[in-house]
Amino acid sequence: RRVAVVGKGRLDGNGQVWWDMLRAKRSRGQKGPELPIEWELAGRNPGFRSQPGGGGGRELQFLRPPLVQFYNCREVRLEGVSLSNSPFWTLHPVYCSGVVIKGVHIANPHDAPNTDGIDIDSSCNVEISGCDVSVGDDGIALKSGSGSEGIRVNRPTSHVVIRGCTVRNGHGGIVIGSETAAGIHDVVAENCSFYGTDRGIRIKTR
């Protein structure tokens with residue numbers, strides 16, 4: 001409770017080694033877990049083979065970490081910082097309430113795989129304002145869990161305001177999905193700008 005990361009500093013995820021490893025695995029045709037750590041993760045995720053794909057390497061159990069993740073937190077504030085080169089999703093509040101993300105700058109290479117900017121996941125009462133996001137996937141995405149696990153947990157994303165943000169490049173500016181098992185409602189987006197995104201508003205589900 002009452003977590004704050006505020007300032008003008010930069011967090012760099014050194015994602016290049018992760019992106020290169022994923023590309024190498026795919027280029028040589030890896031179809032499932034091979035490394036000991038991949039088998040360990042597969043053992044902890046016994047249903048991974050039947051889970052719907054999301055492009056993140058789940059079928060290999062080569063699971064890259066997000067750069068910043070707030071898990072089951074209340075009263076979270078992230079303001080002014082820069083985040084870059086994330087191995088996977090960049091900023092990921094999950095099961096959180098009372099989240100303020102203000103004036104954050106996020107930059108990942110345009111070809112970096114699955115490097116979403118902001119992923120609000122099964123969280124409520126969220127305000128995102130004045131952020132600048134340039135990434136290799138979706139800019140600002142709203143999610144609420146996937147498959148049977150998301151339905152069982154049943155924590156929707158709700159009461160989200162996105163205001164005065166800029167998204168550059170990437171697949172979608174503001175996105176709903178693709179993980180939407182628990183539902184998403186009461187979302188307002190206003191005065192945002194999208195430059196070079198494949199889509200402005202993107203709605204998708206598994």
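Preceding this section is the structure that the text describes.
All of these numbers come straight from a predicted model, not from anything done at the bench. (Residues numbered from 1 in each chain as written. Predicted model: local features only at pLDDT ≥ 70, side-chain atom pairs only at ≥ 80, totals over all residues. Heavy atoms only, no water.)

Peer 1: Looking at this structure, I do not really get the overall build of the protein. What am I missing?
Peer 2: For the protein, the helix and strand inventory stands at three helices and 18 strands. Relative to a compact globule of 206 residues, whose C-alpha radius of gyration would be 17 Å, the protein shows 16 Å and is just as compact. Overall, the protein is about 45 × 35 × 30 Å in size when its C-alpha atoms are taken along their principal axes. Looking at the 206 residues of the protein, the share that counts as buried comes to 44%. A separation threshold of at least 6 residues defines the contact pool for the protein, and within that pool the share at least 24 residues apart is 71%. When the accessible area of the protein is evaluated, it comes to approximately 9900 Å², of which 51% is carbon and sulfur surface. Of the charged side chains in the protein, 25 are positive and 21 negative, and the gap between their average positions amounts to 2 Å. (Helix = DSSP H or I, 4+ residues; strand = E, 2+ residues; numbered from the N terminus. Rg over C-alpha atoms; globule rule 2.2 N^0.38 Å. Buried < 20%, exposed > 50% of the residue type's maximum accessible area, 1.4 Å probe, protein only. Contact = heavy atoms within 4.5 Å. Areas by Shrake-Rupley, 256 points an atom, 1.4 Å probe, with all protein chains shown as cover. Lys, Arg positive; Asp, Glu negative; His and termini not counted. Charge placed at Lys NZ, Arg CZ, Asp CG, Glu CD.)

Peer 1: What's the story with the side chain of Lys143 in this structure? I'm lost.
Peer 2: Looking at the secondary structure, you find Lys143 in strand β12 (residues 140-143). According to the relative accessible area criterion, Lys143 is buried, its value standing at 3%. At 3.1 Å, the side chain of Lys143 and the backbone oxygen of Gly177 are in polar contact. Setting aside residues up to four positions removed in sequence, Lys143 forms contacts with Trp89, Asp116, Asp119, Ile120, Asp121, Ser122, Thr157, Gly177, Ser178, Glu179 and Ile184. (Polar contact = N/O pair within 3.5 Å; in protein donor to acceptor, adjacent residues only side chain to side chain.)

Peer 1: I tried to follow the packing of aromatic side chains on my own but got confused; where do I start?
Peer 2: How two aromatic rings sit relative to each other is given by the distance of their centres and the angle of their planes. What the rule picks out here adds up to three aromatic pairs. Geometrically, the ring pair formed by Trp18 and Phe62 is tilted, given 5.9 Å between the ring centres and 40 degrees between the ring planes. Taken together, the residues Trp18 in helix α1 (residues 16-27) and Phe62 in the loop between α2 (36-44) and β3 (68-71) connect sequence positions 44 residues apart. Since its relative accessible area comes to 28%, Trp18 is described here as partly exposed. When the centroid spacing of 4.9 Å and the interplanar angle of 15 degrees are considered together, the rings of Phe88 and Trp89 count as stacked. Given a relative accessible area of 12%, Trp89 falls into the buried group. (Phe/Tyr/Trp six-rings, centres within 6.5 Å; stacked < 30°, edge-to-face > 60°.)

Peer 1: Sorry if this is basic, but what is going on with the nonpolar core here?
Peer 2: Soluble globular proteins: nonpolar side chains tend toward being buried together. Ranked by size, the top nonpolar core spans 27 residues in total, and within it Ile101, Ile118 and Ile128 carry the most contacts. Taken together, the elements giving at least two residues each to this core come down to β3, β4 (74-79), β7 (97-102), β9 (118-121), β10 (124-129), β12 and β13 (157-163). Excluding its chain neighbours within four sequence positions, the residues that come into contact with Ile101 are Leu78, Leu91, Pro93, Ile118, Ile120, Glu127, Ile128, Ser129 and Cys131. (Core = buried A, V, L, I, M, F, W, Y, C linked by side-chain atoms within 4.5 Å.)

Peer 1: What am I meant to see in the pattern of salt bridges here?
Peer 2: Side chains carrying opposite charge are able to pair once their charged atoms draw close together. Applying the stated criterion to the full structure yields 16 salt bridges. Of the charged contacts, one joins Arg1 and Glu75 as a salt bridge, the two residues approaching to 3.0 Å between their closest N and O atoms. You can see Arg1 sitting in the segment before β1 (3-6) and its partner Glu75 sitting in strand β4, a full 74 residues away along the chain. The class of Arg1 is exposed, set by a relative accessible area of 58%. Between Arg2 and Glu75 there is a salt bridge; the shortest N-O distance is 3.3 Å. With Arg2 in the segment before β1 and Glu75 in strand β4, this pair connects stretches of sequence that are 73 residues apart. Since its relative accessible area comes to 34%, Glu75 is described here as partly exposed. Here the salt bridges do not stand alone but share partners, grouping Asp119, Lys143, Glu179 and Arg206 into one network. (Salt bridge = Lys/Arg side-chain N within 4 Å of Asp/Glu carboxyl O.)

Peer 1: Would you mind showing me how to read the sheet that holds β13 here?
Peer 2: Where strands meet in a sheet, backbone hydrogen bonds hold them as pairs that are either parallel or antiparallel. The six strands lie next to each other as β1-β4-β7-β10-β13-β16, forming an open sheet whose pairing is parallel. In the strand order of this sheet, the two ends are held by β1 and β16 (184-190), each with one partner. Going across the sheet, the axis of each strand differs from the next one's by a mean of 5 degrees, ignoring polarity. With five bridges joining them, β4 and β7 adopt parallel strand pairing. Bridged to Glu79 within β7 is Lys102. (Pairing = 2+ DSSP bridges. Axes fitted to C-alpha atoms, helices over the stretch in contact; angles between N-to-C directions.)

Peer 1: Help me understand unusual backbone geometry, please; the structure alone is not making it clear to me.
Peer 2: Most of the time, phi is negative for any residue but glycine, and the peptide bond is trans. A cis geometry characterises the amide bond from Gly177 onward to Ser178, with omega recorded as 5 degrees. By secondary structure assignment, the location of Ser178 is in the loop between β15 (172-176) and β16. The backbone phi angle of Asn14 is positive, close to 50 degrees, even though this residue is not glycine. Note on placement: Asn14 falls in the loop between β2 (10-12) and α1. On the accessibility criterion, Asn14 (56% relative accessible area) is exposed. Of note, Asn72 is a non-glycine position whose phi angle comes to about 55 degrees, a positive value. For Asn72, the location among the structural elements is in the loop between β3 and β4.

So far we have only geometry, and geometry alone does not tell us how the molecule works.
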